[in-house]
Structure formats: structure tokens, C-alpha cells
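Summary of the model geometry
Chain residues, written in single-letter form:
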Amino acid sequence: MSPEISDREGAGTSGALWLRALLLCLAVAVCYANSLQVPFLLDDPFGGHGQADIRFDYSTRPLVWASFDLNRALAGRETWSFHVFNALVHLACGFLLLGVLRRTMSHVAPRLSARTRDELAFITTLLWSCHPLQTAAVTYVSQRAEMMGALFYLLVLYAFLGTSSAPRPMRWQALALLSLALGLAAKETVATAPLALLLYDGLFLTPGLLAALRRRRGFYGSVAL
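Below, the structure is looked at part by part. (Residues numbered from 1 in each chain as written. Predicted model: local features only at pLDDT ≥ 70, side-chain atom pairs only at ≥ 80, totals over all residues. Heavy atoms only, no water.)

Bringing the overall build of the protein chain into the picture now. Scanning the protein chain for helices and strands turns up 10 helices and zero strands. Element order for the protein chain, N to C, with α for helix and β for strand: α-α-α-α-α-α-α-α-α-α. Each of the 225 residues in the protein chain was classed as buried or not, and the buried ones make up 40%. Restricting the contact set of the protein chain to residue pairs at least 6 apart, pairs at least 24 apart contribute 66%. (Helix = DSSP H or I, 4+ residues; strand = E, 2+ residues; numbered from the N terminus. Buried < 20%, exposed > 50% of the residue type's maximum accessible area, 1.4 Å probe, protein only. Contact = heavy atoms within 4.5 Å.)

Grouped together as the largest cluster of nonpolar side chains are 24 residues, with contacts concentrated most on V64, F68, V89 and M148. For this core, the elements supplying multiple residues, two or more each, are α1 (3–32), α2 (62–75), α3 (80–108), α5 (135–139) and α6 (144–163). Formed by 18 residues, the second largest nonpolar core is a distinct cluster that contains F160, L161, Y200 and Y220. (Core = buried A, V, L, I, M, F, W, Y, C linked by side-chain atoms within 4.5 Å.)

Further remarks concern the packing of α6 against helix α8 (residues 193–205). Relative orientation of the contacting elements α6 and α8 amounts to 40°, with a least axis distance of 11 Å. Here α8 runs oblique to α6, going by the angle between their axes. As for how α6 packs across α8, the hand of that crossing is right-handed. Every residue of α8 that contacts α6 at Y153, V156, L157, F160 and L161 is listed here: A193, A196, L197, Y200, D201 and L205. Residue composition of the contact of α6 with α8, grouped by class: 10 nonpolar, no polar and one charged. (Axes fitted to C-alpha atoms, helices over the stretch in contact; angles between N-to-C directions. Parallel < 35°, antiparallel > 145°, perpendicular 65-115°, else oblique. Left-handed = near helix turned anticlockwise from the far one by under 90°. Nonpolar A, V, L, I, M, F, W, Y, C, P; charged D, E, K, R; others polar.)

Relative to the helices and strands, L154 resides in helix α6. Given a relative accessible area of 16%, L154 falls into the buried group. Taking the C-alpha atoms as reference points, L154 and G94, 60 residues apart in sequence, are found 9.4 Å from one another.

Once that is clear, we can look at a nonpolar patch on the surface. Nonpolar side chains collect at one region of the surface, where V108, L195, L199, L203, F204 and L209 lie side by side and expose about 550 Å² of accessible area between them. Turning to its location among the elements, L199 is positioned in helix α8. (Patch = residues over 30% accessible without salt bridge, like charges linked within 9 Å, V, L, I, M, F, W, Y side chains within 5 Å. Areas by Shrake-Rupley, 256 points an atom, 1.4 Å probe, with all protein chains shown as cover. Salt bridge = Lys/Arg side-chain N within 4 Å of Asp/Glu carboxyl O.)

Of note, T163 is situated in helix α6. Looking at T163, its side chain comes within polar contact range of the main-chain oxygen of F160, at 2.4 Å. Filtering out sequence-adjacent residues up to four positions away, T163 remains in contact with P169, W172 and Q173. (Polar contact = N/O pair within 3.5 Å; in protein donor to acceptor, adjacent residues only side chain to side chain.)

Glancing now at the packing of aromatic side chains. With the rule as written, the count across this model stands at eight aromatic pairs. Both rings, one in Y158 and one in W172, keep their centres 6.0 Å apart while their planes meet at 70°; by these two values the pair is edge-to-face. Here Y158 is found in helix α6, whereas its partner W172 is found in helix α7 (residues 169–184), with 14 residues between them in sequence. Both rings, one in F160 and one in Y220, keep their centres 6.3 Å apart while their planes meet at 50°; by these two values the pair is tilted. Pair noted here: F160 is in helix α6 and Y220 is in helix α10 (residues 217–224), with a separation of 60 residues, a long-range link. Here F160 falls in the buried class, since its relative accessible area comes to 0%. The exposure class assigned to Y220 is buried, which follows from its relative accessible area of 10%. Taken together, the ring pairs in this structure connect F40, W65, F68 and F82 into an aromatic cluster. (Phe/Tyr/Trp six-rings, centres within 6.5 Å; stacked < 30°, edge-to-face > 60°.)

Here we take up the packing of α3 against helix α4 (residues 114–130). Two elements in contact, α3 and α4, have axes whose closest approach is 9 Å; the angle formed by their N-to-C orientations is 150°. What the angle tells us is that α3 and α4 run roughly antiparallel. Relative to α4, the crossing made by α3 is right-handed. Counting all contacts with α3, which are made through H90, C93, G94, L97, L98, L101, R102, M105 and S106, the residues of α4 involved are R117, D118, L120, A121, F122, T124, T125, W128 and S129.

Here is the structure:
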């Protein structure tokens, strides 16, 4: 293949990625634009009456409460900043999911063309991002813990996938460990991430769980610690 053809294909792939990222941003914006002025409701942490001056409790999920303080510093009792933050976290989850799916497809369906794999990953991510079941997690302010937990869960998996192909996997492993720590400060369910990594490794990257443990014993030891 000539260098000119390679350059054109690389530019085309990069352009397609940017286009998909833009479409994902537009889709999330369209889905949740009408939620920016929704008042605090039901189980939101402000008592359901817009009482944004209550004292926050950092003893559990400190990262989530810190984000609430940030919103309160930006806009006080106004709800728009809380909803914008939630929508941005949801969008970031979508980007990470797209990255995880693209890398996973390259392992489980290597015979498919790169374009087909990317299209399948993008369509799946778009459906996930716009599915009505996501509405409660995005529009209820107190469900931010769920989304931030999902964000760091996906980041742990994405960073772990980076270790399988990077020439310097230590950096990706450090990112995975940092993401795990941040995730535990957002939602307790992130504690299942190490088991999910091991299962993913044994199913898609190595021939079995024992082989995965032997190949990356240092990393799994750090995760367990």
C-alpha cells in the first residue's frame, strides 16, 4: 500500500471518529435539553424543595458531594448547573463506552473490517446514550452517584484495555488503579470492578482466568490491595 493511500485512510478514520463524537454530543443534548430547568424532586439531596443551602455529608461518596458543592458554588439554588453536570457525565460515559466497545470488537471480531466494527460500536453507544431507561439516572440530581460510578467503572476497563496493547503498560495500569480509587469515592458498586476486569481478561484477552492471573499477577495484586 502506498503512503498516499495510507494517509488518506488514516485521515478518513480520524474524520469519521470526530463525526461520531459530534453526533453523540448532539444526541445527548437533544435528549436532555428540556431537563435543565427541572426543579429538585423526590429523592434529590436538597429535600425536594430546592433547599440548596443544606450542609453536605462527605462521610460517604465524597466525590459526589464535592461535585454538588461545585454546582452550588457556580449557581446557588439554580438547577441548571446540576443538570448540565449530570448530562456531561452521561456524555463522558458514552465516549468511554464507545472506546471500550471499539477495542473489544477488535478482539472478538477481528475478521470484520475496522469500519464495520466502528459502526457497530457507535450504533450501540448511541442507543445506550439515548435509551429512555437512562432518563432517571440523568435527570434526578441524586442519581449522579450512579453515573459517576459508571464513569469510573468504564474508565477502569478502558485503561485496562490500554495495558494489553501499549508499549508502556505501567501508565495505563496506574490510570486503572486511580480510576478504581476515584470510583470507590463515588459509588460502592465500583468494588466489583476488579472481578469484572478478571472475567473480561479471561474471556477476551487470555485463554482463561488462571492464565490472566499469571500474566498480570502484579496488576491484579495491586487491584486487590
